[in-house]
Amino acid sequence: MSRNTRSEQLLAMEGSPGPWGLLPCPALHTVLVLWGQPPPARAGTPKASPACTGSAKPLPRDQVPLTQDVRESPLGSPQGAVNTTKTPGEPPFCLHPRLQPPSEHRLCRCGGAPSEAAYVPPSQWGGPAGRLVWFQVAPERWARCWAEGKRMAAPAPDPQFTLRGAGSAVCALHFCSGAQGRPLLLSGSLRGLVHIWNLETRRPLAALDGHGGQCVTWLHTLPRGPQLLSQGRDLQLCVWDLAEGRSAVVDAMRLESVGFCRASILAEGPQRWMLAVPGRGNDEVQILELPSKTLVSCLKPEAGARLGMPMCLQLWQAESSPRPLLLAGYEDGSLALWDVSMRKLCSRAACHSEPVMGLALDPRRARGVSGSAEKALAVWSLEGQQALQVRGTHELTNPGIADLKIRPDSKILATAGWDHRVRVFQWRTMRPLAVLAFHSATVHCVAFDATGLLAAGSGDQRISVWSLYPPT
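Criteria and cut-off values
Residues numbered from 1 in each chain as written. Predicted model: local features only at pLDDT ≥ 70, side-chain atom pairs only at ≥ 80, totals over all residues. Heavy atoms only, no water. pLDDT = per-residue confidence, 0-100. Contact = heavy atoms within 4.5 Å. Buried < 20%, exposed > 50% of the residue type's maximum accessible area, 1.4 Å probe, protein only. Helix = DSSP H or I, 4+ residues; strand = E, 2+ residues; numbered from the N terminus. Pairing = 2+ DSSP bridges. Salt bridge = Lys/Arg side-chain N within 4 Å of Asp/Glu carboxyl O. Axes fitted to C-alpha atoms, helices over the stretch in contact; angles between N-to-C directions. Core = buried A, V, L, I, M, F, W, Y, C linked by side-chain atoms within 4.5 Å.

### Some words on the confidence of the model for the chain
Close inspection of predicted coordinates is inappropriate for parts of the model with low pLDDT.
Part 1 of the reasoning: Scored by pLDDT, the chain has a mean of 74; 67% of the residues are at 70 or more.
Part 2 of the reasoning: In the predicted structure, residues 1-153 sits below a pLDDT of 50 and forms 260 contacts with residues beyond four places in sequence or in another chain.

Put into structure tokens, the structure is as follows:
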């Protein structure tokens, strides 16, 4: 495997400044990756270059930088990793001839200083999943290493394509079908515009301006017309007529809350829908019937509950039940399950210690996931459609989740992170599959289409469209 291929694989690992050296250990089927800043080069040796990111031109094979200052302690534990010379035909980074394979050395794990080091037996590091260790490169310099097993992480893919031209941060996304079934993507921007993108030509078809320059936070299409619903921070929910190329607001509804809570909609019949929006009170949720805009119910916790503002909403109705339910995430970090018809709180669970920023529900399994401002995802289930039960948490590298979506086939989960990354998980097991570090600002929203295409909108004014793990 070439050095460039290894670098591309290693760049897929999240939260790292990049590798500057590789140490292959064939006897252990292991590769040590040296991270951080490389030691200063000695006079007369090639200068170390940054890790290959695709923008930098790789050095010729005979100019590949090598680690300097190889030393050996009295106990035989290495303080350097590789030799400063290499034999033609050998891998770019070679074991120093005087050093034995790492399994015979005492590698140390520490928090940043030799005094904090703790001995790690060779039997406890390496292996299929890898282990985080520390490897001394110079007396005053410590570099982080990742001991990776036989399987290395697959390289993070590039987007299938990128849409540019939103003009401001992209805060809402929604896939739909246009005339003749052509795929369309709708995006809502910070400046109040709704763009309609043709995914075949990858160009905007139209830009709708109906929110007075205020952020568009939610988009959804109705089959009637077809029509588009757009929610903005101007306290308006606009109904657009998109039939035959039209782009006019045919109706509008005044909302009561200026918060960031996105609406949720549920079809009740061929021409009837139920809409959940934040209400007038701080902790209130209103349920409306469309298109009549009749108030169906007002869901408000009992006095003294102190749940705070509703932050995210999800209407849901099980196939075996005629009664619609509402899942609501609140400012105090809790999730609540409401019976809309009975106007009562069925269950409540404390899932997070920070406000719930987004949730996604899998109706097939009656199971869902939520994210907040903290460094964890909470996985929960609906027991008998009446009780919320927290099943576990999944720790994240960085705090802050802005949005979550489960693919329509219930196999893939995608999250939008404040750390500019889109994380992809296998939904059934919550096994991490990919970290998409493409954007340069907060990722505000993600969306899936029926074919498995994933779109992500960011504060860098770009929309990345990905084809990952296509449905079979």
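On we go.
### Focus: the pairing of strand β24 (residues 356-362)
One face of the sheet, then the other: side chains in a regular strand alternate in exactly this way.
Part 1 of the reasoning: The buried count for β24 comes to 6 of 7 residues, which makes it a mostly enclosed element.
Part 2 of the reasoning: One ladder, built from 6 bridges, connects β24 with strand β25 (residues 367-372); its direction is antiparallel. Across the sheet, Val-356 pairs through a bridge with Ser-372, a residue of β25.
Part 3 of the reasoning: Hairpin remark: β24 followed by β25, antiparallel, with 4 residues in the connecting loop; positive phi at Ala-366, about 50°.

### With respect to the pattern of salt bridges
Part 1 of the reasoning: All told, the structure shown has 14 salt bridges when counted by the stated rule.
Part 2 of the reasoning: Of the charged contacts in the structure, one is a salt bridge between Glu-289 and Arg-272, with a shortest N-O distance of 3.4 Å. Of the two residues, Glu-289 sits in strand β18 (residues 285-290) while Arg-272 sits in strand β17 (residues 272-278), which places them 17 residues apart along the sequence.
Part 3 of the reasoning: Relative accessible area serves as the criterion here: at 12%, Glu-289 is assigned to the buried category.
Part 4 of the reasoning: For Arg-272, a relative accessible area of 40% puts it in the partly exposed group.
Part 5 of the reasoning: Linking Arg-423 and Asp-419 is a salt bridge whose minimum nitrogen-to-oxygen distance equals 2.9 Å.
Part 6 of the reasoning: Three or more residues are tied together by salt bridges with common partners; here these are Arg-262, Asp-403 and Lys-405.

### Quick look at the sheet that holds β17
The strands making up a sheet associate through backbone hydrogen bonding, with each pair oriented either parallel or antiparallel.
Part 1 of the reasoning: Spatially, β16-β17-β18-β19 is the arrangement adopted by the 4 strands of the open sheet, whose pairing is antiparallel. Unpaired on one side and paired on the other, β16 (264-269) and β19 (294-299) mark the two borders of the sheet. Each strand axis lies, on average, 20° off the axis of its neighbour in the sheet, ignoring direction.
Part 2 of the reasoning: Looking at chain direction, β16 and β17 are connected through 5 bridges and run antiparallel.

### Looking at the environment of Val-250
Part 1 of the reasoning: With respect to the helices and strands, the residue Val-250 is situated in strand β15 (residues 248-254).
Part 2 of the reasoning: Taking the C-alpha atoms as reference, Val-250 lies 5.7 Å from Trp-240; in sequence the two are 10 residues apart.
Part 3 of the reasoning: Once residues within four sequence positions are removed from consideration, Val-250 is found in contact with Gln-227, Val-239, Trp-240 and Asp-241.

### Quick word on the sheet that holds strand β12 (residues 216-222)
Part 1 of the reasoning: The 4 strands are arranged β12-β13-β14-β15 in an open sheet whose pairing can be described as antiparallel. If you trace the sheet from one side to the other, it starts and ends with β12 and β15, each paired once. Averaged over all pairs of adjacent strands, the angle between strand axes in this sheet comes to 20°, irrespective of strand direction.
Part 2 of the reasoning: Bridging between strand β13 (residues 227-232) and strand β14 (residues 236-241) involves 5 bridges; their strand directions are antiparallel. Among the inter-strand pairings, Gln-227 is bridged to a residue of β14, identified as Asp-241.

### So, the nonpolar core
Part 1 of the reasoning: Counting residues in each nonpolar core, the largest one holds 17 residues, and the members touching the most others are Leu-327, Leu-335, Trp-380, Leu-382 and Leu-388.
Part 2 of the reasoning: The set of elements that each furnish at least two residues to this core consists of β20 (310-316), β21 (325-330), β22 (334-339), β24 and β26 (376-383).
Part 3 of the reasoning: When residues no more than four places from it in sequence are discounted, the contact partners of Leu-388 are Leu-327, Leu-335, Ala-336, Leu-337, Ser-347, Arg-348, Ala-349, Trp-380, Ser-381 and Leu-382.
Part 4 of the reasoning: With 16 residues, the next largest nonpolar core counts Met-274, Ala-276, Leu-299 and Leu-313 among its residues.

### Quick look at the environment of Val-170
Part 1 of the reasoning: One can find Val-170 in strand β8 (residues 170-177).
Part 2 of the reasoning: For Val-170, a relative accessible area of 1% gives the class buried.
Part 3 of the reasoning: Counting along the chain gives 274 residues from Val-170 to His-444, while the straight-line C-alpha distance between them is 6.9 Å.

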